[in-house]
Amino acid sequence: MGNSYAGQLRTTRFEEVLHNSIEASLRSNIVVPRPVFSQLYLEAEEPLAHNGRTENDAEDDEDGSESNSPPIPYQMKPPPEGCCTTDGFCQAGRDLRLSSLASDSLDVSPGFMLIGLKSPSLPDSLLVGAVDHRFLPDERGHNALLGFSGNCIGCGEKGFRYFTDFANHINLKLSTQPKKQKHLKFHLYRNSQGVLVKGSPICWRGHGKIDGRIRQMSSSLSELHATSDERPSSVALMRSSHAAGSYTAASHANGVPQISDTPHPLPNGISPASSIAQTVINHSGPGRPSATGMQTNAGPPKKRHKGWSPESGANSLSENTGKAPPSSSVLPSSTVITNGARLDTSATLCCSQRSSTTLSPSGLSVAVPDQLLHTCGLKPVIFKGHGPLPQLTGNFNEVLISSLLQSCYLSSQTLPRVYQHYGPSPIQPLSTEMQILLTVYYLVQLGPEQVPLIEDLEQIFMRSWRESHLSEIRHNQQPQTPASQGRHYGIEAPPTLPGLPQHLGLAPQQPLTPSQLPWLAQLAASSCGAGVVVLGEHVGSLAQGLQQMFSKLMEGRFKNTNYIVVIVTASGHETQSCVVVTGKHQCRALAENMFSPNEGLREINYQLSSGEAQELIQFCSSLGQDGDMDSLLDSATLDNNEPSPLSSSQESTEEKSVKNTHSPKASHSPKDRVLTPKETCSEFSVEWRDIRPIQLAVARKLLSHVCAIADSSTQNLDLVSFDRVSFLILVPPSEVTFQQTVLHLWSSGVLQELGTLEQECVSQRQAERYVVKMDQSAQVRVDSLIQEAHSNSYTLYILVHDHAHWDISSASYYSTDSGLGLVDQLLNSRKVRDAPNILILHVTSFPFALQTQFTRISPYNEIHWPSSFSNDVDLYHERTCYFGVSELLESTRSGSSLPLMRCDSSFESMASALEERFPKLHSAVIRTTVLIHHYCAALMAVSGRIGGSHNLHKHTSVETLGIVQALLSAAQQCPAHHGHMILLRIPSLALAAWAHRRLSRVRRQLGLEESFEIILGNPSQPLNIGHSFIDQIKLWLKIQEADWVPRTYLELEALPCILILSGSEPQGESLPRSLKYCDLRVISCSYLQRTTVEQELGLAAYLLKTESRSPHNPGPGSDLLESDAEKLSSTDIEEEESQENGKSSPVSSHQPNQSSPDVGTLDPFPTQSSTSTSPNVPKSTMDTIPPPSQAQTQPPAQSSSQSFLYPQLSLIHPSQSLTQTYSLVQPIFQTLAQTNSQPYFQTLPQHQVSHPPPQPLAPVVRPRRHPSKSTSSSSSSPRASSPHLSCSWARGVSRPPSVLLPRSLYDIITANDGSGLPRCTSFLPHMSVAWASSFRPLLSKMMTCTEQSLYYRQWTVPRPYHMDSNNRTEGRSDNFHPRRLLLSGPPQVGKTGAYLHFLGILSRMLIRLMEVDIYNEEEIHLGVQKDGVQYNPANALWPDPDVVKTLPFDYTVHDPKYDDISLVYCPGYKPASDANPVHQEDVCLRRRTTRIKLSKYAAFNTYHHCEQCHLYLGFNPRYQIYESTLHAFTFTHLLLGEEIQLYFIIPKSKEHYFSFNQPGGQLEGMRLPLAADRSPDCIKSPIFTPTTGRHEHGLFNLYHAMDGASHLHILVIKEYEMAVYKKYWPNHILLVLPPVFNGAGIGAAHFLIKELSYHNLELERSRRQEGSGPTGDVWPFVILADDSCVMWNAVDFDARKYMLTHGPVEHGASLKQVLQHMEDCPHLAHYGLCGIRKWSSRVLTDPNTREPFSRGHLHDFLLLNVDRSQNVQYDQNRFTCHDVDFTLRLHSAGVLICRFNNFSVMKKQIAIGGYRTFIIKTKMTDVPTSVGPSQYVCAPDSKHLFLATPAQLLLEKYLQHTSHKLFPLSTKNYEHPVLSVDCYINLGPEVTVCFVSSRPHSVNICTTGLLFSGLLLCFADAFVTPSFLKKFTFLKGATLCVISADRSSLRQTVGRLELEEEWRFRLSDEFQTANAKEDRPLFFLTGKHI
């Protein structure tokens, strides 16, 4: 009583509390006692840590202390005589100190780890020991077994099983009890030098008592599992999701059990999953400790576990050594017995080996009676519960044993660590007694035909536990509210669950006692009569109870009993229980659930091949009093003059029918006729090839995720390095899916867009290279792609894994022959994972299996299909509306029309009756036979070929009759014979083939071979369509190819047909829009996983046409055709006829009452209709369309991509629930009463309810009845000629198909769970995953797709055979593949088109990334050379200075960017007369660009980061990347009159380019090479790039452009941009301009670069002359490069190319090649300035450019000789045209200028930043203001709006825009230019400027005889004199403009130059720039020439 695992008892109050509790129990008048035993726990003021220990006791031993008494002093055992007792040494005298053993080689046994121990006597040292890793915790403090196992490293002694002995051996000399938690402190590891060092501390906290025992038991269980070599089969169980937290089969690799709360790996690399059997020690009674499921042991011994046998602790689970089924349960179903022949491993262990284990007391066994199956007609199923089952002897093959219930019990008692302690007292799991009682409650409320679902029972347990938890908090008066507590733990407190009585909404507040349990359970069972029987009284053991059960079962006393619960509450023993299922329907369902899907299919094949099903087939062929179906068909055949069937053999007849497919009396085939205009259908159209707007949106979302991966800092995808896209689409091994994907690919145009095929693809066969079926042939294709990806690093390969949930098996778990695990083997291989250019895209409608705790896909890489509507707004303007599973569910709740999803009561009744008659046959065989019988009877009835007296409609169901009627009548209503498709889903290939043969025979004998086709959909085979139907399809689709055949279901659009779709599961086949009915009545209900259910329902997903409907009313409509409105009126007729005719067949007595609307039929066909062989024409033309519900018109903004939670429509109506209510039986206790609340279209079998209760019917508008006369449906019919009614197919595309389901599945799907969602959403998502815990919250209907994904990622774990089970990396919490995406969307919504379009736009984006917009403009102002002389050969390599001097200097500016500036006057040049002036603001808008693909020698911006560029971050590996220092550099310049201080930011790896007075000291200058130096991998000229505002977009990455050559690159930036440029370009040298130049233009940057370079040149010369380096000429050149230069080109003078093209050809060249060629010029020092041509696509065709060298203006890329040009400076004040001004002044100074025309530079268009970006701001607002150019200047001393803009910029902009007014005589007057002295200023495109230099000996043009229209003097210096000006002649009225820095110098200039003699001035002609006085405005004066 006192031993509590959850807390410490207050022993002082124990007797008092016990006495009070007994007294309270005796006096209580309620069944459930009050919670008094909670008083036995500690008070709230004692803070509890994990496992009931206080925080102060957290480091105590795991066995804990039984009291709060102080620790007892510990006396160590004295050492043996002669032993060493020195601290730090073992008793053998060997040194154990870490400092001594650090470098020694130590022998460590396998499985042991080196750890460091702390000794109290050696506080500064660690002792080394070896400990078994199993007894050590992981990094979270979990997974450590109790006890100890260690070895001595010093002497090598092994086998210390107790830490006390080990402590004595190593001389710890402790004064307290030795505890490993206190002394095993650190992990030890060897570092890179091989030295043993201290590692991370061992985490002991959180290691509790309960978990230790659980882990030990689990470890023992793993030994049992390790003995089984069987891999887990897909055994299907009765539940769709397994009991979370229970024990699963150990992983194949290591056989180690997997712990649910330990996501981190074990120390030895074992990767545990998150779900095991955690046998929990719990209170099963008042103070009674019990181990759930344990008999002889209550768990392993506390510490002395050395001799503990694994069998003794894990015996209750010993049957789990067999298969681990991947479906419903973690614990596999134990026994699978088929026909008494097969017994699996677990059954063998359970039965035959029971006596050899300790599972049950010796001598206790139960004899199974003989003839049990024969006598009772069933095989009972025994669910193990609490305690071990006794040994079964005798006829045990006729008994099935399942562990499902036991695993549910275990998982429900395995509390997660977060729940173990809360508030003042520990939280207890449900007791054994409460579990048993709740189980009885659940069984009582089940219907007679319902099969128990573990999910429901698990939710009941969880609900009861949560309520008990909340009640405990309220009882203890905690401040938190129950709701807040639920939210704190992530708990939802849902309304009552199915099967949970209302009074248990709040669980009993006091534990049930074992003595109370039997009579409480019997009381609960009494409410359902004999349905549930409890054997609890006078039952001393489970063996006795089972023996009683078998005896009464053989006596027939349990004939009406479905469940027998055996409860054993013997005194002094644990409560034991088991549940025996004896209901025939339940036993059959549970037995079939124990088959895996493959085993079930094999069993069906066996029954068909062995002839066991032949009796059933013959039975169904009999029509009772109406004769035999085969004989009726034979008579119909003889009436049609057809030969009679070959023989009576069913198989031979069917085989003949397949061969003879054509009827002689059939109508003319379309092949023999041509449709006339009247016979064509104008409403037919095929739209599945079209791309829809929402698909485009999804494709863009995919692209954005790919870009996000590329933009992330992980650099897992370098999109910039790829130049093309290749792909491979992997699909399941379905021939139709393969051809369907090929068809989509071929018609999408993606192959042409990617350049893989020519523009016109000849055939679809060419597209098959890019699609591969996931069979054995896929290995070669994927390996080829991997090799191709390895060799083509510039190609991005996309592996599209379509239908990704299909095969997720682990390759290591299955053999290659099984075909499973192929996806894992190919896509998860290391080669694919590590390939940087392979991206994987998983595409699926059911992503749940890929969203586990071990998933490889990051949640950020998931793309969910968006909702089409948001707040009633159509986001994508779709012409279609998706109608999926959620909309189908919604149709079942709207009472306005027949639901689209329903079950067939007539069919279910007949199938149930036959299942009782044939108990040994598989239900799939029976249901398929019944279904095909119904279809055959319906075909016979509808065809009119059988006499009407036979009443054939009674031998089929109303639903089947309506389906066949719609099939045959639809084609008759359309002139082109368009019809509908009927889908029959038959998973078994054998049954599907039989059904195809049977239906084909009936169709042939009825003469309907040309009316509709019957297609067998075998996944492994192509389609087989009759020739006549192929011709018809070709006619509809306008296909001219003679050998064309349909290969996909989509191509069967409008073909009237029955498609029998086989295969264990659909494999991604898309169905046409002509699908009318989706008949799923024979699908298996055994494997209830969410994926399985939604996959089948997804076949009916549909895209509705919405042209004629508003977005608010998608109009799902009804499946009713014209005849469907008569269904309600036909029920009475059918019932009357059934009463008249009596029983027509042996099963007619089991047919339901035909009184509910779902069994309404068509009008009976006239008996006198034998003269007409065509199907009857429907009576009504009414289309029934239900009104839109609120859920349909208000979908959520973000929809879930998964079916049931796809909130396109709101799914849930809480008022409709299939749960059953409970009635009060006694005032002291509530029992369950069974009150059926069924939907109105379900009926009960007659033998169960003679008079069903009246059901409320929805109001139905009855259409007016038409005469029942059969008429022809030719095109001349008024109805057929109507545009709205002529084609049934056209009406059908606006209505989704109807779905028929089995009743059991329908009941599950239409019921809601506690969260308001359909119950199937709480099912296990996939058979390959397991729940991480039973204590998980329910899914919420408000969850988005992303939240669903996070839910499954938290609460599901992969099973060992899941491909992600081994996706665990040591030391990481996740292991996401960085280049893996997941696209999820509902079925049939268009995912294939979306990802194909994604491939296209991804290819376009890569091309776009590899392309840049290059300025492609012809040079402007070109004129023909007068002399026509060729000065240099076209292929000359270098210019000759003597020849260059003879070249005429071209004053005209030809760069297109200067299209808006003033022409420079040049004698002999005449501008074009039609030239139009261009304003500068229009230049950027009209500049012509061309998209050019980047070459391998391009310059890049900061977005480029390839692997090669990583070296560019630092050339010297000794220095850390990004480490840089700031250096100041000061020099004096005379023009500025002050010292200039610049700052260099130099990375450590670039310091070798500079010289310092000492290492790390003062910067002295840049090192310059000698002119004579030659190096093939070095550029001698420093490269300066002025830049502003382009820290991201500037092309500063010259690594590729330089082709790896060493170079000095310096970015010249402004001081306020220093931080941002350093951030983006930490590896570049930055030259920071002084702050005074923050507002300066490009002229200032070039000025300082030039002057700094010249000053540095002088310093370098001085340094070399002083002897610090070799003497010689120092290299005087620097490069001035624009920050938009992207690529360079060279002219190729290959003779052949030259001759063929009649001109030179350019090719891409590296910057290294261009610069080295220019630097190698023999006489380069003679030139002051060199440059290259600006690229243009047309420039080489101009004859003027054939000259390889020329003299003229140079721009953008300059090679400047700072020595030759030392006397000519850039104007530091200029903002515009500074290079034109500098070139003119340099030329006038006599310096040679040369342009290398054989090289060109490409400039990228960069719209951001740059020196041409000018901002005009006012002084007041400091924001850009709309100010006209006329406001840039004002009169001096006037009140004017001052501008916060540099004065020089205002002046230049003013002169540019207003000079045509300032110089009126110069406007468009090239012959009379404006004379500009010593400077060039842009006066606008309408004014011509003549530049002259006033310097002596300057080179000027001849101005003799030239009349000037104006004079411009800008800052005239002393070289400008009156005599100089008098050399020039001006027109009368010419304008003078004198510019000075201030008014005083302006007047001085006028006086000094004697301007008043020839020029007239006025006071009003003086102006200043619109600057404030402190901004130093510029002044200018204008005048007129006299």
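All of these numbers come straight from a predicted model, not from anything done at the bench.

Caption draft 1: Inspection of the overall build of the chain at higher detail. The secondary structure content of the chain amounts to 49 helices and 62 strands. Sorting the 1986 residues of the chain into buried and exposed places 61% on the buried side. Taking as baseline every contact in the chain between residues at least 6 positions apart, the subset at least 24 positions apart corresponds to 76%. Only carbon and sulfur atoms are counted for the fraction: they give 52% of the accessible area of the chain, which is about 76800 Å².

Caption draft 2: Structural view of the environment of I202. Assignment of secondary structure puts I202 in the loop between β5 (196-201) and α5 (209-226). Taking relative accessible area as the criterion, I202 reaches 8% and is therefore assigned buried. Separated by 61 residues in the primary sequence, I202 and G141 place their C-alpha atoms 7.9 Å from one another. Residues contacting I202, with those up to four places away along its chain left out, are I115, L136, P137, L184, K185, F186 and H187.

Caption draft 3: The sheet that holds strand β30 (residues 1057-1061), seen in detail. An order of β27-β35-β31-β28-β30-β29 is seen for the six strands of this open sheet, with the pairing classed as parallel. Strands at the two margins of the open sheet, each flanked by one partner only, are β27 (901-903) and β29 (1013-1017). Neighbour-to-neighbour, the strand axes of the sheet open up by a mean angle of 20 degrees, direction not taken into account. Here strand β31 (residues 1075-1079) pairs with strand β35 (residues 1298-1301) via three bridges, running parallel. Its bridge partner lying in β35, D1079 is registered against L1300. On top of the sheet, helix α30 (residues 989-1005) reaches β28 (981-985), β29 and β30; it is set at about 170 degrees to β29, its chief contact.

Caption draft 4: Expanded view of the environment of V750. Secondary-structure assignment places V750 in helix α22 (residues 750-753). Sequence separation of V750 and L1399 is 649 residues, and the distance between their C-alpha atoms is 7.1 Å.

Caption draft 5: Examining the sheet that holds strand β61 (residues 1959-1969) more closely. An order of β40-β58-β57-β59-β60-β62-β61-β56 is seen for the eight strands of this open sheet, with the pairing classed as mixed. Every other strand in the sheet has two partners, leaving β40 (1463-1464) and β56 (1833-1834) as the edge strands with one partner each. Two elements, strand β60 (residues 1929-1940) and strand β62 (residues 1979-1985), share six bridges in a ladder whose sense is antiparallel. By the bridge assignment, I1939 is partnered in β62 with F1980.

Caption draft 6: Geometry of unusual backbone geometry. The residue Q371 is not glycine, and still its phi comes out positive at about 55 degrees. The topology assignment puts Q371 in the loop between β10 (365-368) and α8 (372-376). One non-glycine residue, H1897, lies in the positive phi region at around 65 degrees. Here H1897 is to be found in the loop between β58 (1888-1892) and β59 (1907-1914).

Caption draft 7: Structural detail: the packing of helix α9 (residues 404-412) against helix α10 (residues 432-445). It is at 11 Å that the axes of α9 and α10 come closest, and there the two elements cross at 130 degrees. Relative to α10, α9 is oriented oblique. α9 and α10 meet at a crossing whose hand is right-handed. In contact with L405, Y409 and S412 of α9, α10 contributes Q435, I436 and T439.

Caption draft 8: Quick peek at the nonpolar core. One finds M549, L1052, L1097, V1299, L1301 and I1309 to be the most contacted residues of the largest nonpolar core, which totals 124 residues. Per element, the largest residue contribution to this core is nine residues, and it comes from α10. Core analysis: the second largest hydrophobic core is formed by 113 residues, I1461, V1464, V1674 and Y1880 among them.

Caption draft 9: Spatial organisation of the pairing of strand β19 (residues 724-731). Most of β19 sits out of view: seven of its eight residues are buried. Bridging between β19 and strand β21 (residues 795-802) involves seven bridges; their strand directions are parallel. When the sheet's bridge partners are listed, L728 is paired in β21 with L799. In this sheet, strand β20 (residues 771-773) lies alongside β19 in parallel orientation, the contact comprising three bridges. Its bridge partner lying in β20, V731 is registered against K773.

Caption draft 10: A look at a negative patch on the surface. On the surface, E1954, E1956, E1957 and E1958 cluster together into a negatively charged patch. Secondary-structure assignment places E1957 in the loop between α49 (1943-1952) and β61.

Caption draft 11: Fine view of helix α39 (residues 1391-1409). Taking 1.5 Å of rise per residue, the 19 residues of α39 would be expected to cover 27 Å, and the 26 Å separating its terminal C-alpha atoms lies within 8% of that figure. Counting buried positions along α39 yields 14 of 19 residues, so the element is predominantly enclosed.

Caption draft 12: Up close: the packing of aromatic side chains. All chains considered together, the criterion is met by 33 aromatic pairs. Measuring from centroid to centroid gives 5.9 Å for F1908 and F1928, while their planes differ by 80 degrees, and the two rings are edge-to-face. Note that F1908 is positioned in strand β59 and F1928 in the loop between α48 (1922-1925) and β60, a separation of 20 residues in sequence. Of the two residues examined, F1908 and F1928, each falls in the buried class. Members of the aromatic cluster, each reached through a chain of ring pairs, are F1908, F1924, F1928, F1930 and W1959. A cation over a ring is seen here: K1580 above W1675, with NZ or CZ 4.0 Å from the ring centre.

Caption draft 13: Structural context of the pattern of salt bridges. Inspection of every chain in the model, using the stated rule, returns 56 salt bridges. Put simply, E908 and R927 hold a salt bridge, and the shortest N to O gap is 2.8 Å. Remark: R927 occurs in helix α28 (residues 923-943) and E908 occurs in helix α27 (residues 905-917); sequence separation between them is 19 residues. Here the two residues E908 and R927 agree in accessibility, since each one is buried. Salt bridges sharing partners connect three or more residues here, namely D630, D634, R998 and R1001.

Caption draft 14: View of the packing of helix α20 (residues 693-711) against α39. Relative to each other, α20 and α39 sit at 50 degrees, their axes nearing to 8 Å. In terms of axis orientation, α20 runs oblique to α39. Note that α20 runs across α39; the crossing there is right-handed. In this structure, α20 uses Q695, L696, V698, A699, R700, L702, L703, V706 and C707 to contact α39, whose residues at the interface are G1393, A1394, Y1395, H1397, F1398, I1401, L1402 and M1405.

Caption draft 15: Just the side chain of H705, in detail. Structurally, H705 can be placed in helix α20. A residue is classified by how much of its surface remains accessible, and H705, at 18% relative accessible area, is buried. A distance of 3.4 Å separates a polar atom in the side chain of H705 from the backbone oxygen of Y860. A distance of 3.5 Å separates a polar side-chain atom of H705 from the backbone oxygen of E862. In this view, H705 contacts Y860, N861, E862, I863 and L1381; residues no more than four positions away in its chain are not counted.

Caption draft 16: Expanded view of the state of the cysteines. All told, the structure shown has zero disulfides when counted by the stated rule. In this structure C1721 is a free cysteine whose sulfur lies 6.8 Å from that of C1730, the closest cysteine sulfur available. Residue classification places C1721 among the buried positions, given a relative accessible area of 5%.

Definitions and cut-offs
Here the residue numbering is sequential within each chain, running from 1 through the sequence in written order. Only residues with pLDDT of at least 70 get local features here, since the model is predicted, and only at 80 or more are side-chain atom pairs given and counted; chain-wide, interface and lining totals rely on the full set of residues. As a rule here, side-chain values cover all heavy atoms of the structure and leave hydrogens and water aside. Put simply, DSSP marks the helices as runs of H or I at least four residues long and the strands as runs of E at least two long, and each gets a number from the N terminus on. Three exposure classes are used, based on accessible area relative to the maximum for each residue type with a 1.4 Å probe and protein chains only: buried under 20%, partly exposed in between, and exposed over 50%. Two residues form a contact once any of their heavy atoms are found within 4.5 Å. Each accessible area is a Shrake-Rupley estimate made with a 1.4 Å probe; only the visible protein chains count as cover when residues are assessed. A pair of strands is labelled paired if DSSP reports no fewer than 2 bridges between them. Axis definition: a line fit to C-alpha positions, over the contact stretch in the case of helices; interaxial angles, taken between N-to-C directions, run 0 to 180 degrees. For classification, angles of less than 35 degrees are called roughly parallel, those exceeding 145 degrees roughly antiparallel, those between 65 and 115 degrees roughly perpendicular, and all remaining angles oblique. Throughout, a crossing is termed right-handed when the near helix is turned clockwise from the far one, and left-handed when it is turned anticlockwise from it by less than a right angle. Take the buried residues of types Ala, Val, Leu, Ile, Met, Phe, Trp, Tyr and Cys, join any two whose side-chain atoms come within 4.5 Å, and each joined set is a nonpolar core. Here a patch means residues that are over 30% exposed by relative accessible area and free of salt bridges, tied together within 9 Å if like-charged and within 5 Å if nonpolar (Val, Leu, Ile, Met, Phe, Trp, Tyr). Salt-bridge detection follows one rule: a side-chain nitrogen of Lys or Arg within 4 Å of a carboxyl oxygen of Asp or Glu. Note on charges: Lys and Arg go in the positive column, Asp and Glu in the negative column, and His and the chain ends are not counted at all. Charged side chains are reduced to one point each, which is NZ for Lys, CZ for Arg, CG for Asp and CD for Glu. Working rule for helices: expected span equals 1.5 Å times residues minus one. A pair of Phe, Tyr and Trp rings is counted when the ring centres sit within 6.5 Å of each other, with Trp represented by its six-membered ring. The angle between the planes then sorts it: under 30 degrees is stacked, over 60 is edge-to-face, the rest tilted. Placement of a positive charge over a ring is assigned whenever Lys NZ or Arg CZ falls within 6 Å of the ring centre and within 35 degrees of the normal to the ring plane. Contacts described as polar in this section are N or O atom pairs within 3.5 Å, which, within protein, must combine one atom able to donate a hydrogen with one able to accept it, while residues neighboring in sequence count only if both atoms come from side chains. Cysteine sulfur atoms are paired as a disulfide whenever they come within 2.5 Å of each other.

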